[in-house]
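Single-letter residue listing:
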Amino acid sequence: MQEELKRSIERVAARYPDRRSALLPALHMAQRGCGGFVGREDLASIADLIGVPVSDAYGVQTYYTMFETKPLGKYHLQVDTNVPAMLAGAREILAHLEKTLGISAGQTTQDGLFTLSEVECLASCGTCPVIQVNDRYYESMTIERTDALVASLLKGVMPEMPVEAHFGSECNVLMARRGTPTATDIDVYLQTGGYQALPKALKMAPGEVMGEVKAANIRGRGGAGFPAGVKWGFLAKGTGKPTYLICNADEGEPGTFKDRQILQYDPHLLIEGMVISGYAIGAALGFIYIRGEFAWIANILEGALKQARARGFLGKGILGGDFDFDIIVHLGAGSYVCGEETALIESLEGKRGNPRLKPPFPAVVGLYGGPTIVNNVETLALVPYCVEQGAQAFMKFGTPNNFGPKIFGISGHVHRPGAYEYPLGTKLETLLEAAGGVVGQLKAVIVGGLSVPILKAEETEGLVMDYDTCLKRGTMLGSGGIMVMNETTSIPEVALRAIRFYAHESCGQCTPCRQGSHTIAVLLERIVHGQGSIQDIDQVLELCQAIKGSTLCPTGDAFAIPIEAMVTKFRGEFEALVG
């Protein structure tokens, strides 16, 4: 390992309260600097630098899907084939690449130029199909655009292939700057009303800020819908340890691409929200844990953080006062389970992302053993509006107990898939109209990301998109990732692709999740390929029933509940495949 790389790793390690947290960043840096993989000697050097046993470093390296232990091709073509991408034709793109390159997914061309991989959801659901080439996304891919991409790569050029994404906003709170090309710049943010809430917050007592967030009843936008202000109130007092704030930007739920709208296009909104939240809870240090595939967005965030520090909105003595708060961007490395808050904390501490047993909850014992708040990107981005305009103004959006704006990511069989900001409590019908309407005849909708129960077309009639109404309809609002399916969709194939995802992403810590997901995958594969039986269908349902509520984190429920709903509601389709 080169000395300059070692010095760079050392500089990163010095930023963290515990050096071990630098293990993931060090692996990323080494992989970029050592030809796209980290071999045994370099791994040993990293372990020595960070101060952990080589076995620990190896355990971390082999846990995360983005870390490579062997060389890849010069261009690593990664095709997302998860459910939203599948609905958009990604499997045809993958098959075309296999034919064009003369290799199968998981292989490298003989000349070492291309490695082809089939990967999970890349949070590009509104612009699928997507091919990630090394660290770069190529979106809205067609056969023709794929051929143009390969032709350019054969010439040694990573081409510019612009894509037009669909979006809209009725609230102009979370996506007010989405259509402004330069909105990542601090001057544009200031000119459009940014950093107005922060000085107001700093004139208030921390408890008053927390009280405003509680009064607004900002429900967590990560999926569970738990009130953020109430969560903040659980923080342990007088522990003698620092309090930390973590922004969960590990957007890995298939069908979900809402947080990306803020991270990529309006980073200062998130930064302002984090500084205010840090002040309210008494934290001096915050982290943005961002999914590893978003490396270029992490660079956007770093640039915005640098600007915020230079203008006095971040760092020591914010706005000339005595409040200190800084933020570290921490890149994940490919793990769906790290979206769960305790697994995220384990990962941030430089470990495998295995969920912890709760209690104790992070608000009591979290990062480095200190009281910790973990909030979603969208949740934190709502704080500036709430503080500046007040709880009453915030509550003008939405329905009782479901207040505020929400970004809905709409994918699948609609004319204008994309991200749309509407008040909580907006009718599903209105959202689908915003997305251009359904292509063909509506068959089914998944309204909150892949882990919520599917709804048949008739079940969606009059559906109001808020947390409470969705529960009453037998599903969940979740992340607000809406996947629309028309009459051409095979629900058994959707179920199979879904369970393959969860089997791939299980951390393996809990037997019902580890073994159950793989067993269901085997059963569904038999059924889809015409080799199953009625007994296989019944066994899938039995396993789902047994798995629910039996795992440390929600991942077991995240596949057992939706698979059970697909099989139960569309059983006729499954039975038709077994004769």
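Residues numbered from 1 in each chain as written. Predicted model: local features only at pLDDT ≥ 70, side-chain atom pairs only at ≥ 80, totals over all residues. Heavy atoms only, no water.

## Side note on empty space enclosed by the protein
Now for step 1: Per the counting criterion, the structure on display carries one cavity of 30 Å³ or more.
Now for step 2: Every residue along the wall of the largest cavity is listed here: Pro 355, Ser 506, Cys 507, Gly 508, Gln 509, Cys 510, Cys 513, Thr 551, Leu 552, Cys 553 and Thr 555. (1 Å grid on protein atoms, 1.4 Å probe; cavity = no way out; pocket = protein on both sides within 12 Å on 5 of 7 lines; lining within 4 Å. Points joined across faces, edges and corners; volume = space filled by probe spheres on them.)

## Quick look at the layout of surface pockets
Now for step 1: Estimates place the volume of the largest pocket at around 1,300 Å³.
Now for step 2: What lines the largest pocket is a set of 44 residues, among which Gly 222, Gly 223, Ala 224, Gly 339 and Pro 554 lie closest to the centre.
Now for step 3: When contributions to the lining of the largest pocket are tallied by element, the ones reaching two or more residues are β9 (372–376) and α23 (555–569).
Now for step 4: Tallied by class, the residues present in the lining of the largest pocket amount to 16 nonpolar, 17 polar and eleven charged.
Now for step 5: The space that makes up the second largest pocket amounts to roughly 970 Å³.
Now for step 6: Surrounding the second largest pocket, 42 residues form its lining, Thr 65, Met 66, Glu 68, His 76 and Gln 78 being those nearest its centre.
Now for step 7: Secondary-structure elements contributing two or more residues to the lining of the second largest pocket are α2 (23–33), β1 (75–80), β2 (114–119) and α20 (491–505).
Now for step 8: Per-element tally for the lining of the second largest pocket: the top contributor is α20, with five residues.
Now for step 9: For the lining of the second largest pocket, a count of residues per class yields nine nonpolar, 20 polar and 13 charged. (Helix = DSSP H or I, 4+ residues; strand = E, 2+ residues; numbered from the N terminus. Nonpolar A, V, L, I, M, F, W, Y, C, P; charged D, E, K, R; others polar.)

## Considering the nonpolar core
Now for step 1: Membership of the largest hydrophobic core comes to 75 residues, with the highest contact counts inside it found for Ile 288, Ile 290 and Phe 325.
Now for step 2: With nine residues, helix α13 (residues 267–281) is the single largest residue contributor to this core.
Now for step 3: Filtering out sequence-adjacent residues up to four positions away, Ile 288 remains in contact with Cys 247, Ala 249, Leu 270, Met 274, Leu 301, Ile 327, Ile 328, Val 329 and His 330.
Now for step 4: Grouped together as the second largest cluster of nonpolar side chains are 42 residues, Cys 510, Leu 541, Ile 563 and Phe 574 included. (Core = buried A, V, L, I, M, F, W, Y, C linked by side-chain atoms within 4.5 Å. Buried < 20%, exposed > 50% of the residue type's maximum accessible area, 1.4 Å probe, protein only. Contact = heavy atoms within 4.5 Å.)

## Things to note about the pairing of strand β7 (residues 285–290)
Now for step 1: Extensive coverage of β7 is indicated by the burial of six of its six residues.
Now for step 2: The side-chain alternation of β7 yields two buried faces, one formed by Leu 285, Phe 287 and Tyr 289 and the other by Gly 286, Ile 288 and Ile 290.
Now for step 3: Two elements, strand β6 (residues 244–249) and β7, share six bridges in a ladder whose sense is parallel. Bridge pairing links Asn 248 to Tyr 289 in β7.
Now for step 4: Note: β7 against strand β8 (residues 326–331), six bridges, orientation parallel. Bridging from a neighbouring strand, Gly 286 pairs with Ile 327 of β8. (Pairing = 2+ DSSP bridges.)

## Digging into the pairing of β6
Now for step 1: Of all six residues making up β6, six are buried, and the element is well covered by its neighbours.
Now for step 2: Residues Tyr 244, Ile 246 and Asn 248 of β6 are buried on one face, and the alternating residues Leu 245, Cys 247 and Ala 249, pointing to the opposite face, are buried as well.
Now for step 3: Relative to β9, β6 runs parallel, the two sharing five bridges. Residue Ile 246 lies in a different strand from β9, and its bridge partner there is Val 374.

## A short note on unusual backbone geometry
Now for step 1: Residue Pro 129 follows Cys 128 across a cis peptide bond; omega there is -5°.
Now for step 2: In this structure, Pro 129 sits in the loop between β2 and β3 (131–133).
Now for step 3: The omega angle of the peptide bond from Lys 358 to Pro 359 is -5°, so this bond is cis rather than trans.
Now for step 4: In this model, Asn 172 sits at a positive phi of 55°, which is unusual for a non-glycine residue.
Now for step 5: Position of Asn 172 among the secondary structure elements: in the loop between β5 (166–169) and α8 (186–191).
Now for step 6: Of the residues examined, Asn 172 reaches a relative accessible area of 47% and is grouped as partly exposed.

## Side note on the packing of aromatic side chains
Now for step 1: Under the criterion given, the structure shown has 19 aromatic pairs.
Now for step 2: Look at Phe 226 and Phe 234: their rings are 6.0 Å apart centre to centre, the planes differ by 40°, and that puts the pair in the tilted class.
Now for step 3: Here Phe 226 falls in the partly exposed class, since its relative accessible area comes to 41%.
Now for step 4: Exposure remark for Phe 234: the relative accessible area of 48% places this residue in the partly exposed category.
Now for step 5: By the ring-pair criterion, three or more aromatic residues cluster together here, those being Tyr 16, Tyr 244, Phe 287 and Tyr 368. (Phe/Tyr/Trp six-rings, centres within 6.5 Å; stacked < 30°, edge-to-face > 60°.)

## Focus: the sheet that holds β6
Now for step 1: With parallel pairing, the four strands of this open sheet are ordered in space as β8-β7-β6-β9. Bordering the open sheet on either side are β8 and β9, each of which pairs with just one other strand. Across the sheet, the axes of successive neighbouring strands diverge by a mean angle of 20°, strand direction being ignored.
Now for step 2: Running over the sheet, α13 touches β6, β7, β8 and β9 and is turned about 150° from β6. (Axes fitted to C-alpha atoms, helices over the stretch in contact; angles between N-to-C directions.)

## What to know about helix α4 (residues 54–61)
Now for step 1: What α4 keeps buried is the set Ala 57, Gly 59, Val 60 and Gln 61.
Now for step 2: On its buried face, α4 sits against α2 and α3 (40–50).

## Some points on the pattern of salt bridges
Now for step 1: Inspection of the entire model under this criterion finds 32 salt bridges.
Now for step 2: Across the pair Glu 120 and Arg 497 runs a salt bridge, and its minimum N-O distance is 2.9 Å. Of the two residues, Glu 120 sits in the loop between β2 and β3 while Arg 497 sits in helix α20, which places them 377 residues apart along the sequence. The residues Glu 120 and Arg 497 share a single accessibility class, namely buried.
Now for step 3: Several salt bridges converge on common partners, so that one network encompasses Lys 231, Glu 340, Glu 341 and Lys 358. (Salt bridge = Lys/Arg side-chain N within 4 Å of Asp/Glu carboxyl O.)

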